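Secondary and tertiary structure notes
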Amino acid sequence: VIGRYIGLYGVHKVKNLSMGFCLFLYILSVGGIMFVRWLLLDEEQYLSYNSPFLIISACLLLLCFTKLQINSKIVNWIARSCLSVFIFHVSPPVIYLFANKDVYLFNNYSFATYLLYMGGVVIIVFVCAVLLDKIRVLLFLPLMNLFDRK
């Protein structure tokens with residue numbers, strides 16, 4: 001929603017930031033999130049989707065990507081499945097499974113091990129969600145074609 005607002009109404013002071021500066025602010029905001037999480041281990045609301053820290057981080061990352069010009073069939077093929085990635089990773093079984101592992105790893109392993117493990121988990125969940133969506137499209141394509149004809 002915020003990205004659409006910036007795209008439509010062009011918040012000029014924000015849109016004119018350089019990519020390097022946006023990336024620097026993004027890294028700074030993620031560092032702030034990790035610092036707050038380190039200070040308040042029991043406070044998970046700082047990692048929820050309505051957290052100001054995460055909203056700022058997401059906006060800054062969005063601004064970084066608005067500066068890129070990407071024309072790729074592979075990127076477009078993957079981008080068509082982004083909604084399914086979101087729906088898959090916010091489903092209660094997936095959240096419950098990974099939230100417990102996340103807290104356990106963060107509390108019992110080094111920060112580098114935690115980052116490596118969670119980075120791998122993010123990539124695996126993303127790839128699984130995209131592949132599941134592509135299978136869904138293949139399975140429902142005949143049904144969608146049937147309804148499109150009428």
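Coordinates for the structure precede this section.
These lines cover the structure that appears in this document, whether it is placed above or below.

Conventions and cut-offs
Residues numbered from 1 in each chain as written. Predicted model: local features only at pLDDT ≥ 70, side-chain atom pairs only at ≥ 80, totals over all residues. Heavy atoms only, no water. Helix = DSSP H or I, 4+ residues; strand = E, 2+ residues; numbered from the N terminus. Buried < 20%, exposed > 50% of the residue type's maximum accessible area, 1.4 Å probe, protein only. Contact = heavy atoms within 4.5 Å. Expected span 1.5 Å × (residues − 1). Arc of directions from axis to C-beta. Salt bridge = Lys/Arg side-chain N within 4 Å of Asp/Glu carboxyl O.

Attention now goes to the overall build of the protein chain. If you tally the helices and strands in the protein chain, you get eight helices and zero strands. Helices and strands appear in the protein chain in the N-to-C order α-α-α-α-α-α-α-α. When the 150 residues of the protein chain are sorted by exposure, 19% land in the buried category. Considering only intrachain contacts with a sequence separation of at least 6, the fraction spanning at least 24 residues in the protein chain is 67%.

Here we take up helix H3 (residues 19-39). Its 21 residues place the ends of H3 30 Å apart at the C-alpha level, agreeing with the 30 Å of an ideal helix rising 1.5 Å per residue. Three or more residues of H3 are buried, namely Cys-22, Ser-29, Ile-33, Val-36 and Arg-37. Projection of H3 onto a plane perpendicular to its axis shows the buried side chains occupying an angular sector of 100 degrees, all on one side. Residues of H3 that are exposed and point over 90 degrees away from its buried face: Gly-20, Ile-27, Leu-28 and Trp-38. Those residues of H3 hidden inside the fold are in contact with helix H4 (52-66), helix H7 (92-108) and helix H8 (111-149).

Let's shift gears to the side chain of Ser-57. Within the secondary structure layout, Ser-57 lies in helix H4. Ser-57 sits in the buried class, given a relative accessible area of 4%. Excluding residues within four positions of it along the chain, Ser-57 makes contact with Tyr-26, Ser-29, Val-30 and Ile-33.

Okay, the pattern of salt bridges next. One pass over the full model with this rule turns up one salt bridge. A salt bridge links Arg-136 to Asp-133; its shortest N-O distance comes to 2.8 Å. One end of the pair is Arg-136 and the other is Asp-133, both in helix H8 and three residues apart, which spans about a single turn. Classification of Arg-136 by relative accessible area gives partly exposed; the value is 38%. What makes Asp-133 buried here is its relative accessible area of 8%.

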